[in-house]
Amino acid sequence: MAIALVLVLVVVGSVLFHALSPWWWTPIASNWGYIDSTLIITFWITGAVFAAVVLFMAYCVWRFRHKEGNVAHYEPENKRLEWWLTILTGLGVTAMLVPGLFVWSQFVTVPADATEVEVIAQQWQWSYRLPGADGKLGTSGSHLVSPENPLGVNPDDPNGQDDVVVEAADLHLPMDKPVKMLLRSIDVLHDFYVPEFRAKMDMIPGSVTYFWFTPTRTGTFEVLCAELCGTGHGFMRGIVMIDTAEDYATWLGEQSTFAQLSTPEQVGAAEQTVVRP
Amino acid sequence: MVDVTPGAVDVIPPAEVPEVELYHPHSWWTKYVFSQDAKVIAIQYSGTAIAIGMVALVLSWLMRLQLGFPGTFDFITPEAYYQFITMHGMIMVIYLLTALFLGGFGNYLIPLMVGARDMVFPYVNMLSYWIYLLAVLVLVASFFAPGGPTGAGWTLYPPQAILGGTPGGQQAGIILMLVSLILFIIGFTMGGLNYVVTVLQGRARGMTLMRMPLTVWGIFTATVMALLAFPALFVASVMMLFDRVLGTSFFMPALVEMGEQLSYGGGSPILFQHLFWFFGHPEVYIVALPAFGIVSDLISTHARKNIFGYRMMVWAIVGIGALSFIVWAHHMYVSGMHPYFGFFFATTTLIIAVPTAIKVYNWVLTLWRGDIHLTIPMLFALAFIVTFVNGGLTGLFLGNVVVDVPLSDTMFVVAHFHMVMGVAPILVIFGAIYHWYPKITGRMLNEALGQFHFWVTFVGAYAIFFPMHYVGLVGVPRRYPEIGEPAFITAPVENLNAFITVAALVVGFAQLVFLFNLIWSIWNGREAGGNPWRATTLEWQTSETPPPHGNFGKELPIVYRWAYDYSVPGAKEDFIAQNDPGTGRPATGLA
Amino acid sequence: MSVILVFLLVIAGIAGWWLLNQGVMSKPWLEHGPAGALPEIDVTGMPTAKIGLGVFLAVVGCLFALFASAYFMRMELSDWQPLPIPRLLWLNTGVLVLSSVALQCAVVAARRGQIDMVRLGLVTSGFTTLAFLAGQLAAWRELSASGYLLVSNPANSFFYMITGMHGLHIVGGLVALARTTAGAWGKYSPDRLRLSVELCAMYWHFLLFVWLAVFVLLAGWAADFIDICRQLLT
Ligand code: HEA
Ligand code: HEA
Ligand code: CUA
Ligand SMILES: [Cu+2]
């Protein structure tokens, strides 16, 4: 008998825990509220099913437990019942899948006016690159990486010269502007994950992946790495700050471009030419 | 009713194996060590699997101690932590569950349940075990290798897996792991051939496919899947070995490790992920289907009622087996593969819920209007349904591609697969051991210890993994030795983690009680007799218990009915053995 | 993963057809009696060893289908440079065909009970197979001599890996063949001999088939063929 009781308690306990416990997702800071809604739908449907199945079990165990002289009912199958249950399940699944796919199609279609921001991951830190005045990011590649050029930006690409390079520092983004995060890694798999934004995507050395979102509130958010990338994985954190337009402008002003960063070493070259004769 | 007259029955000569002599082992060695008796091999498989399983269990305690009380145990460095989770995961999935379900239960139950004297290729079957043992030893060796075992995560994703930034990546760890996997696959294939062909060829006269117990169906289908899925892991492992040892670039793109350019170039990490998950997803059903089958028989036997919708159950098993080969990329939704794959794989993934649902319904409906004996196997079966439904439903979150985006690689995933794989099938294993132990040893397991073991394991395991979903929902990523107090954590998770850890330790120690029970009852258990559960299937009808080499006496049984004739109206008992001609003459063994 | 999926589709087709013939639609609880209502679907009369080998070959086929899938997926990437197929491979192919033919003769002879023909067949196929392996090694050395090293390009890596894998399977077969040959001179009863020879032949034909597929793959014709199909479709 205990078991029937415990089954009921499992359902009640789970529901109470879900409803009352303080552990819940962190407040959203992006346009992906739809994802949360899909999650809620799924919670309702699956929750209902879980409760129904387990409570029914509990009832059966209590009602049909062995007593002297009990004989089980003999019923090999019941086609109609099984078909009904199958159809119901099908409906339940569709009710979750359809909204899901609808939101996914939004997730994978990047709006035309999204500004591009590049995230470069390496063991175990985050760097960033923003397009300069020309609004274009220069080409890049791991084979170009060197102490002078840690992000592997192509020095011969004119588009690259004015790119703003933020090495191992915080990223700032303007509020309410859709951004397309271009994700690049120079060593192993990483994953750019900000819980408040809901979105995440792996970064693969040798190719550029992406996701898009629109920040919807200012603040400081922690970046975590969500793909095992070696010993430092758990400590590979970073900061993204969502600014108002003006704060963002001032921050951007303080940053230096790829050209500026690589000049000192050109100066060095010049001096040598002077010294030689 | 298509009834065959007793006369017609008797003219059929019992299928006879020519030299039953073959089944009398000649020396102690060939009887207990290099035995070709499937039952002995089964015990060897199970013993080894449980032993290595205990190692993985201890590793899980260490992991939990770190997560529950970060910083308290300074011998658990991040390196050590990653080595623990990797070994824990790999051992549990492959060397414990796969080996125990197929090598252990498969070997013991298939020949007995289909009415065969032994597996069809006993010698190959024996080799299978010894190669498995070798694989386990190689795996264990990596703990003692310089640099320790690999810490690449059980998914072994390159490039990370074979680079210096990962424990064991540039030392022996990863190599030993890959070699061990390759050995395991070779060994398993040898065993797998036996399980499949025995079901195809070894069935007793009258044992048509649709008369087989669902246990056999589950193990059979799982084995077929394993035979077709493990090659993917084999290919992936071989190619990774090439990359690591010979310096090829199958999976390795051009990359800069710690500031220095490596000689690799052009390879595709995603290619590895496709190969791995093409094995990996079927694998999770390979450890689920045998549980499905076994639990069906437990419920039916202990509820004294035929399994509800037997045909649907069979079709569902086969359907799930087939479908699970076209859902693998649901593990790669955020891997950066082409986003349009998401639509296809989300759909196929959620479709799998339907046949699985049918199985769940039929288990529950078997209870309906049954005569439920709350024996320990029955208790474990009930607990399985609860945990499996719970874990399966959270699978639907992850399967629905866009919902997976925030949850992927968080503790929510960890909670999902523990509930559905780390708890549910393990509970079935326990139930199955309590159920068949009397046949294996001739004695019952101790009831009181069993009750204790059941309650602690069921309630405890649920208490471990249900809250863990919410740790993931808060946003804590998996494979983090410690999360700290980042701003996004609104309600502190330390106390929740600490609670989970305590629960895990309690449950873990309850397993020791179970192991004690296993040993103690061999000599002190209550005498069981041939058929203590009054079950219909053939293994309970053997003339001797434990069954001798060759299983059945001089004559192989003839099968007259399906495996679920419980509480048949008008029958004089509430069960009719499969080999009972139904002519009043009692079946062998019951006399 | 298209290759392996097609392969599995075929397997699934066979399995499904077999299941249907096993009466998976029947209602077992209505059937009583030794063979159930469908006596003819009792266990098959086919020799168990053959079925076992059949299942094993399915697994081997799966393995090579996966290698092919990996090959195609890796081929898409930019750094791929196909390598020239050594002429020698044509010769090797011929030799392998010979050994299959020899074994087939042995099978026929075994069925007719002409023991010395069987021996002849077995020995011939044994030697031709060894010749094939030697030829493969020669091809490797030729390639590496002309600078196509294992690591220099993924195409090369695949070439060595897949041919090596195929070679290993042949070596495994040789063990069985050796035992059969020994049996042909020694103690095997005619039936036992016939069975073993048939099994060897089965395995050889399969590995020949696999080799032809591998050849087509490595020579790049498979890729061309697929491209043509693509163009036809678009
Ligand atoms: C036994 C093992 C097992 C089983 C059976 C399952 C079953 C399922 N799993 Fe799980 N899964 C794993 C083991 C398993 N999984 C493992 C080990 C991982 C992690 C690997 C790693 O990354 O380390 C994983 C990860 C995993 C992921 C990847 C998550 C990520 O990494 O981002 C996904 C995503 O789709 C997923 C989905 C599912 C689904 C949809 C099912 C379905 O089959 C569930 C079907 C069952 C039910 C749905 C419940 C019963 C149904 C009913 C009661 C009917 C009512 C239902 C409705 C009305 C809708 N699983
Ligand atoms: C069957 C598989 C299985 C099982 C049983 C378990 C059991 C447990 N696992 Fe594990 N786990 C995995 C498979 C499994 N795990 C996998 C695949 C991973 C992923 C690894 C990776 O990320 O690479 C993982 C990772 C993993 C993590 C995540 C680490 C991280 O990502 O940071 C954690 C953390 O709490 C954890 C905890 C536990 C605990 C507390 C137990 C147990 O203590 C639960 C309680 C105990 C039982 C339910 C009884 C089990 C009994 C035995 C196993 C004994 C042998 C059997 C017999 C005697 C019959 N496991
Ligand atoms: Cu970077 Cu994990
Ligand atoms: Cu999966």
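Residues numbered from 1 in each chain as written. Chains lettered and ligands numbered in written order. Predicted model: local features only at pLDDT ≥ 70, side-chain atom pairs only at ≥ 80, totals over all residues. Heavy atoms only, no water.

**Student:** Report on the interface of chain A and chain B, specifying residues and quantitative values.
**Tutor:** Taken together, the contact between chain A and chain B spans 97 residues of the former and 113 residues of the latter. Summing the contributions of chain A and of chain B, the shared interface buries around 9,000 Å²; its carbon and sulfur component is 72%. The three residues of chain A that bury the most area against chain B are Trp23, Tyr74 and Trp104 of chain A, which together make up 9% of that side's buried surface. Summed over the shared surface of chain A and chain B, the result is one salt bridge. Note that Glu77 of chain A is salt-bridged to Arg311 of chain B, the shortest N-O span being 2.9 Å. Counting across the interface, chain A meets chain B through 29 residue pairs in polar contact (both at pLDDT 80 or more). Counting only elements with at least two residues in the side of chain A that touches chain B, the list comes to helix H1 (2–20), helix H2 (33–63), helix H3 (79–108), strand S6 (190–193), strand S7 (200–203), strand S8 (209–213) and strand S9 (219–225) of chain A. The biggest single contributor to the side of chain A that touches chain B is H3 of chain A, with 16 residues. Looking at the side of chain A that touches chain B residue by residue, the classes come out as 59 nonpolar, 23 polar and 15 charged. (Contact = heavy atoms within 4.5 Å. Buried area = accessible area lost by both parts, 1.4 Å probe. Salt bridge = Lys/Arg side-chain N within 4 Å of Asp/Glu carboxyl O. Polar contact = N/O pair within 3.5 Å; in protein donor to acceptor, adjacent residues only side chain to side chain. Helix = DSSP H or I, 4+ residues; strand = E, 2+ residues; numbered from the N terminus. Nonpolar A, V, L, I, M, F, W, Y, C, P; charged D, E, K, R; others polar.)

**Student:** An account of the side chain of His469 of chain B is requested, with residue identities and associated values reported.
**Tutor:** Take His469 of chain B: it is sitting in helix H15 (residues 447–474). By relative accessible area, His469 of chain B is classed as buried at 4%. (Buried < 20%, exposed > 50% of the residue type's maximum accessible area, 1.4 Å probe, protein only.)

**Student:** Give a detailed account of the coordination of the iron atom of ligand 2, specifying residues and quantitative values.
**Tutor:** Think of it this way: four donors in a tetrahedron around the metal ideally sit 109.5 degrees apart, and six in an octahedron ideally sit 90 or 180 degrees apart. All names here are of chain B. Around the iron atom of ligand 2, the protein contributes the donor atoms His88 (NE2) and His418 (NE2), which lie 1.9 to 2.1 Å from the metal centre. Considering all six donor atoms around the iron atom of ligand 2, the spread of angles at the metal, 85 to 179 degrees, places the coordination shape in the octahedral class. One end of the pair, His88, is in helix H4 (residues 78–114); the other, His418, is in helix H14 (residues 411–441), and 330 residues separate them in sequence. For the pair His88 and His418, a shared accessibility class is recorded, and that class is buried. (Donors = N, O, S within 2.8 Å, 3.2 Å for Na, K, Ca; no water. Tetrahedral: all angles 85-135°; square planar, octahedral: opposite > 155°, others 65-115°.)

**Student:** Just give me the short version of the sheet that holds strand S2 (residues 125–130) of chain A, but keep the residues and values in it.
**Tutor:** Residue and element names in this part refer to chain A. Strands sit in the order S3-S2-S1-S5-S8 across an open sheet of five strands; the sheet is mixed. The strands lining the two open edges of the sheet, one partner per strand, are strand S3 (164–166) and S8. Neighbour-to-neighbour, the strand axes of this sheet turn through a mean angle of 20 degrees, independent of strand direction. The pairing of strand S1 (residues 115–122) with strand S5 (residues 179–185) spans seven bridges and is classified as parallel. Among the inter-strand pairings, Val117 is bridged to a residue of S5, identified as Met181. (Pairing = 2+ DSSP bridges. Axes fitted to C-alpha atoms, helices over the stretch in contact; angles between N-to-C directions.)

**Student:** Can you explain the pairing of strand S4 (residues 171–174) of chain A? Please cite residues and give values.
**Tutor:** Residue and element names in this part refer to chain A. Taking every second residue as pointing to the same face, both faces of S4 are buried, with Leu171 and Leu173 on one and His172 and Pro174 on the other. In the sheet, S4 pairs with strand S10 (residues 237–243) via four bridges, with the strands oriented parallel. Its bridge partner being in S10, His172 is matched across the sheet by Met241.

**Student:** Which residues make up the site of ligand 1, and what values do they have?
**Tutor:** The environment of ligand 1 is formed by 35 residues, the closest being Trp154, Tyr285, Asp404, Ser408 and His416 of chain B. Contact between ligand 1 and Leu398 of chain B: an oxygen atom at 3.2 Å from a main-chain N or O atom of the residue. Gly399 of chain B is positioned such that a nitrogen or oxygen atom in its backbone is 3.2 Å from an oxygen atom of ligand 1. Those elements that place two or more of their residues in the shell around ligand 1 are H3 of chain A together with helix H8 (269–286), helix H11 (341–367), helix H12 (376–399) and H14 of chain B. For the shell around ligand 1, the element with the most residues is H12 of chain B, which contributes eight residues. For the shell around ligand 1, the per-class residue count stands at 23 nonpolar, 10 polar and two charged. (Near = heavy atom within 4 Å.)

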